[in-house]
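What follows is the residue order along each chain.
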Amino acid sequence: GPTQDPDSAWVLVVMPGLMLVWGICRSRALSEASDYAGPLKKILIDLTTEVCAKYRLIADYAQRPQMNDLFQRRADELRRSEIPESQVELNNNYFPKWLGPIFSGAYIAWASEYVLTKEMSLGVFLATLSVFSEVSGDFSSLYERVMEVNTRLDALKTLTIYFNMETEVLLCKTMNRKRRQATKDAWAAALKNAPPAPEMGLLRSDLIPIRLENLCFSFPPGIHNLGRHVFELKNVNLSVAQGQLVAVVGPHGSGKGTFMRLLAQTIFPTSGAILLPMHLRVLFVGQLPVLFDRSIWYNLVFGRPDFNDIRLLETMLQELEMDTVLQLMGPELDARIEARRTTKRLTSADLKSLRDWKARGSLEGSPASSRRFSGSPDRRQSGAARVLVESVGTRGSRASPTHDTHLRGKYSRLGGSEDDDDNDDASSNTDDEESEEMESFMKMCWGGAGSEEDIEIDEDHSWQDMLSFTEQVKLCLIRAMLMNPEVLVLHRPFHNYDIYTQKKVLDVLLKHKENRGLGLPKADWANRRPRTIFFTPESMEQAKAADVIWQIDAARKTIKQISATDLQEGFHPTKQQDHR
């Protein structure tokens, strides 16, 4: 067409040029829309990446539902933010689609006269119109379609692989049923015996042992082709009472890490079973630290999101001499203490406003809210959260620049001593109903959507760079003890410390076992279940400190219980052990 009608050839240059100019002019609008959605996309991607990388920690602390809820909120926010971007893209894509008909109409108006006067043939006229339509269609859709396919192809392949992977649901179901039946049988047997003496602080269920019954384990067949020894167990039968400190020993490469994961039930035996009473929580802690890019507080209370006992946390940190962590946490702890004090200062009139707010969904209009939350209507409407926000401010805004005295100094900075705080607690609890309502209000203010969760997104996690590797490992140990499971499985808990710190950590483990929870009141010792700790020691002294010692014999693919006198350097099994 254009070769036979040179006067129309300019259209082939003008049409793409107009598309280019349109794209340049609209790029700012598209950029602004993308900038709005871009940060939320990054947040969602970072969340997904972190959850995938640290899934085992999330599963061990039973936080999968919370992570699902957090992902759902982030995904909803992203979908809402993509609406403006989609609108801009839609407008941009329709411009070239309309450009073709506009040029075709202009060409028809111009060239129809030449067709009627036969200065241009009808065939050239129709061919030129066809070229206009093809050019506009090709430029508007070709690049869009190719890039859309390329950007989604890899993701679709990965999703297809993940969606078709075998799950462990059926295996978990089978193991759970074995544990449940074993617990039921053991409980029936325990009921036939006399109850434990009161001074023992035990219930009948606390006498149910932890058993390994015909335990067999081996890796999939393909792993045997690695050219080295592969851990394997055959028909292991062992038992240990609850409340014991159990050392699992063996030479380097004997499979201690694999066995510890078996105990924690993060991997499962080939046959047989590890029978733990169903009411016991089990937690595995590896030798390497795993931390979230959030605040120190979030990392410490990850297993107990509702935890708010700051003094207990201080006691636990001091047990491991974690002064640096206490200093770094100072501003956040100050904010939490002040938020709790602010809640205690709410009056009965304020509580009436809260009740009205619960009924109407707003504090605006009530006398108490106008008195306490004076300001613009918008500020009064969000007054419930401002009770805490105004007193706390941004994290650390009310904290002093130094925290040499740690939390003891915090109470004095807040206008009283620790004893004064106890007095405040006593006076504020005179009315149980009001106290509970205040606490409920505080949780509502901090736990609602758009409050603390939004603060966490922008948190500065540079504190990780200020902690040594040793401090990070200690932090993970404190996190586990704060969750306080009945069965704690520690793989190489002394590996990252010097001799002095190893002794300190061993002392903390013994205190945790004896007191049934580190730092908890000794007077309530009998009201808590026994704490069982499995650990892999680094030295003979650490192994001898245990109540029970299990020796891994990789050559004979078994595990035996031994005495402290049977221990050998390097934790190699002796011949006497082999013949038992």
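The rules behind each value
- Residues numbered from 1 in each chain as written.
- Predicted model: local features only at pLDDT ≥ 70, side-chain atom pairs only at ≥ 80, totals over all residues.
- Heavy atoms only, no water.
- Helix = DSSP H or I, 4+ residues; strand = E, 2+ residues; numbered from the N terminus.
- Buried < 20%, exposed > 50% of the residue type's maximum accessible area, 1.4 Å probe, protein only.
- Contact = heavy atoms within 4.5 Å.
- Areas by Shrake-Rupley, 256 points an atom, 1.4 Å probe, with all protein chains shown as cover.
- Pairing = 2+ DSSP bridges.
- Axes fitted to C-alpha atoms, helices over the stretch in contact; angles between N-to-C directions.
- Core = buried A, V, L, I, M, F, W, Y, C linked by side-chain atoms within 4.5 Å.

Engineer: Describe in detail the overall build of the protein, supporting the description with residues and values.
Structural biologist: The secondary structure content of the protein amounts to 22 helices and 9 strands. For the protein, buried positions account for 42% of its 580 residues. A sequence separation of at least 24 residues applies to 73% of the contacts in the protein between residues at least 6 apart. For the protein, the exposed surface amounts to about 31,300 Å²; the carbon and sulfur share of it is 55%.

Engineer: Quick rundown of the sheet that holds strand S8 (residues 548–553)? Include the residues and the values.
Structural biologist: In spatial order, the strands read S5-S6-S7-S3-S8-S9; together these 6 strands make up an open sheet with mixed pairing. The open sheet terminates on both sides in strands that have one partner only, identified here as strand S5 (282–285) and strand S9 (558–562). Sheet twist, expressed as the average angle between the axes of neighbouring strands with direction ignored, equals 20°. In this fold helix H20 (residues 499–515) packs onto strand S3 (245–249), strand S6 (487–490) and strand S7 (532–535), with an angle of close to 150° to the strand it touches most, S7.

Engineer: Describe the nonpolar core, listing the residues and the values that go with them.
Structural biologist: In terms of nonpolar packing, the biggest core is built from 59 residues, with Leu-313, Met-329 and Leu-475 touching the most fellow members. Residue contributions to this core peak at 9 residues, all from helix H19 (residues 469–483). Ignoring any residue separated from it by four or fewer positions in sequence, one finds Met-329 in contact with Ile-296, Trp-297, Leu-300, Leu-313 and Leu-317.

Engineer: Kindly report on the sheet that holds strand S4 (residues 271–275), identifying the contributing residues and their values.
Structural biologist: Each strand in a sheet pairs with its neighbour through backbone hydrogen bonds, running either in the same direction (parallel) or in the opposite one (antiparallel). The antiparallel open sheet is built from 3 strands, whose spatial order is S2-S1-S4. Where the open sheet ends on each side, the last strands, each with one partner, are strand S2 (232–240) and S4. Averaged over all adjacent pairs, the angle separating strand axes in this sheet is 20°, with direction ignored. Sheet topology places strand S1 (residues 210–218) next to S2; 6 bridges connect them, and they run antiparallel. Among the inter-strand pairings, Ile-210 is bridged to a residue of S2, identified as Val-240. Sheet contacts for helix H5 (residues 169–191): S1 and S4; angle to S4, the most-contacted strand, approximately 55°.

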